Amino acid sequence: MAIHSIKGMRDILPEEARLWQFVERTAREVFESSGYEEIRTPILEETALFRKSIGEGTDIVSKEMYTFTDKGGRSLTLRPEGTAPIVRSYIENRMAADDVVKLYYVGPMFRSERPQKGRSRQFHQIGMEVIGSSSPYFDAGAIFLMTNLFKKLALSDFKIKICSLGCAKDKEKLAKELGAYLTPEKNRLCPDCKTRLKKNVLRTLDCKVESCRSVLRNSPKAKDFLCGSCGGHYKKVKDLLAELKIDFTEDANMVRGLDYYTNTVFEVTHPGLGAQDAIAAGGRYDNLVEDFGGKKTGAFGFALGTERLLMALSSEKKAGPQKKGLDLYVATTGDKMYTEAFKAVIPLRENGIFCEVNFQGRSLKSQMRQANKKEARFVAIFGDEELKRGEVALRDMKTSEQRNVKLSDLAKEVREGL
Ligand SMILES: [Zn+2]
Ligand SMILES: [Zn+2]
């Protein structure tokens, strides 16, 4: 019986993994050049962490989490997102400092959604969190960092939408008004939204059901309930983005399907993705640290979906990094040569020469074909007679010139020729 990968979880094969490495390497460089350091949290967390932070009544918590009970009777969940675990870690490891704490992460997340284009059950995110300040400079700074990463990846057709949800008090006012607006329309709402109306009315705003969308079209909006301070914060973020020459549009309907956001939220879309067009999203969460028992402190973060970013890049037909050819292919004329060849490549590799040896007992002709296929720059031929004199034949694959060189000089000769 053949065993297959789990539905919605797929293998990333070498050809594609090269693009992943390119994207992840570029992200690391961009984050680290701005003082961000990597954090790696476990993939499994206590379920309560996500229930409490993302919120009851959100799609993630009510439908999409991979939750199970372990042998000790604990409810555990495969992380559906990266922010809550990092906030947990920040508090648990007493990371709070005089200055802001800047962290980034790269890794898999899990949500049991219906698999579709750009959406798998194990998906991957690259994200950052800056914890320790409520200043709008960090909102604009993080968005700039993201656009800078897109620039380094040569991604161009993305669009940024921003909105402000206000502080907890503003959100409370919105929730109250929204409840009052929706109650008389209750019968037009889907069953989920009927529950949300009682449990977590703001989450009705995420509903994708058409009847709910049409009821909500003229509902109260977050921007109408911003207090003076939140209105000022939002204006400053927009001014700073304009200062940084970052194009954006305001979207009063944006809510983000997570409870913990306050003030600025943003989303980045790309036309190369179809209906599920978000490639990145994030926002401010000024209450989450306190909600988990830390000192009240502001924070901002975003995550981009690696699969979606790669789809966006491929839709723009941007050439990714090419496979690197071999520097040296070591051909052997019989198995007596194997041990010599096996040993000879060790110092070559230590000298940074990318080389491979043939141990397959192929004919010399077939080995030359292989060397061509692997785009080898040089081929060293280990032959009996030459080796007795401590030499090997070195063939330049560009010029087809061949000459004997001292085996002890092989690394030097190849280095010089590259
Ligand atoms: Zn406010
Ligand atoms: Zn609904």
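Residues numbered from 1 in each chain as written. Chains lettered and ligands numbered in written order. Predicted model: local features only at pLDDT ≥ 70, side-chain atom pairs only at ≥ 80, totals over all residues.

Trainee: Give me the lowdown on the nonpolar core, citing residues and values where you can.
Mentor: Of all hydrophobic cores here, the largest spans 79 residues; its most connected members are M128, A142, M146, I279 and A280. In terms of residues, this core owes the most to one element, helix α5 (residues 136-152), which gives eight residues. Excluding its chain neighbours within four sequence positions, the residues that come into contact with I279 are F158, V268, T269, H270, L273, L304, G305, R308, L309 and A312. Membership of the second largest hydrophobic core comes to 22 residues, among which are A371, F378, F382 and V414. (Core = buried A, V, L, I, M, F, W, Y, C linked by C-beta atoms within 7 Å. Buried ≥ 20, exposed ≤ 12 C-beta atoms within 10 Å, placed from the backbone. Helix = DSSP H or I, 4+ residues; strand = E, 2+ residues; numbered from the N terminus. Contact = placed C-beta atoms within 7 Å.)

Trainee: Could you give me a rundown of the packing of α5 against helix α9 (residues 228-243), with the residues and numbers involved?
Mentor: Between α5 and α9, whose axes approach to 9 Å, the crossing angle comes to 40°. One element, α5, and the other, α9, form an angle in the oblique class. You can see that α5 and α9 cross each other, and the crossing is right-handed. Between α5 and α9, the residues in contact are P136, Y137, D139, A140 and I143 and H233, K236, V237, L240 and L241, respectively. For the contact of α5 with α9, the residue count by class is seven nonpolar, one polar and two charged. (Axes fitted to C-alpha atoms, helices over the stretch in contact; angles between N-to-C directions. Parallel < 35°, antiparallel > 145°, perpendicular 65-115°, else oblique. Left-handed = near helix turned anticlockwise from the far one by under 90°. Nonpolar A, V, L, I, M, F, W, Y, C, P; charged D, E, K, R; others polar.)

Trainee: Describe unusual backbone geometry, with residues and values.
Mentor: For K245, which is not glycine, the phi torsion reads 60° and is therefore positive. Examined against the element boundaries, K245 turns out to sit in the loop between α9 and β8 (249-250). By C-beta crowding, K245 is classed as exposed, having 8 other C-beta atoms within 10 Å. Here the phi dihedral of S400 falls at roughly 65°; this positive angle occurs in a residue that is not glycine.

Trainee: How would you sum up the domain arrangement of the protein chain? Please name residues and give values.
Mentor: Parsing the protein chain into structural domains produces domain 1 (14-167 + 227-315) and domain 2 (328-417). Centre-to-centre, using C-alpha coordinates, domain 1 lies 49 Å away from domain 2. (Domains from an automatic or database assignment.)

Trainee: Can you tell me about the pairing of strand β6 (residues 122-131), naming the residues and giving the values?
Mentor: With respect to burial, β6 is a largely interior element, eight of its 10 residues being buried. Here 10 bridges tie strand β5 (residues 101-110) to β6, and the two strands are oriented antiparallel to one another. Note that in β6 the partner of Y105 across the bridge is G127. (Pairing = 2+ DSSP bridges.)

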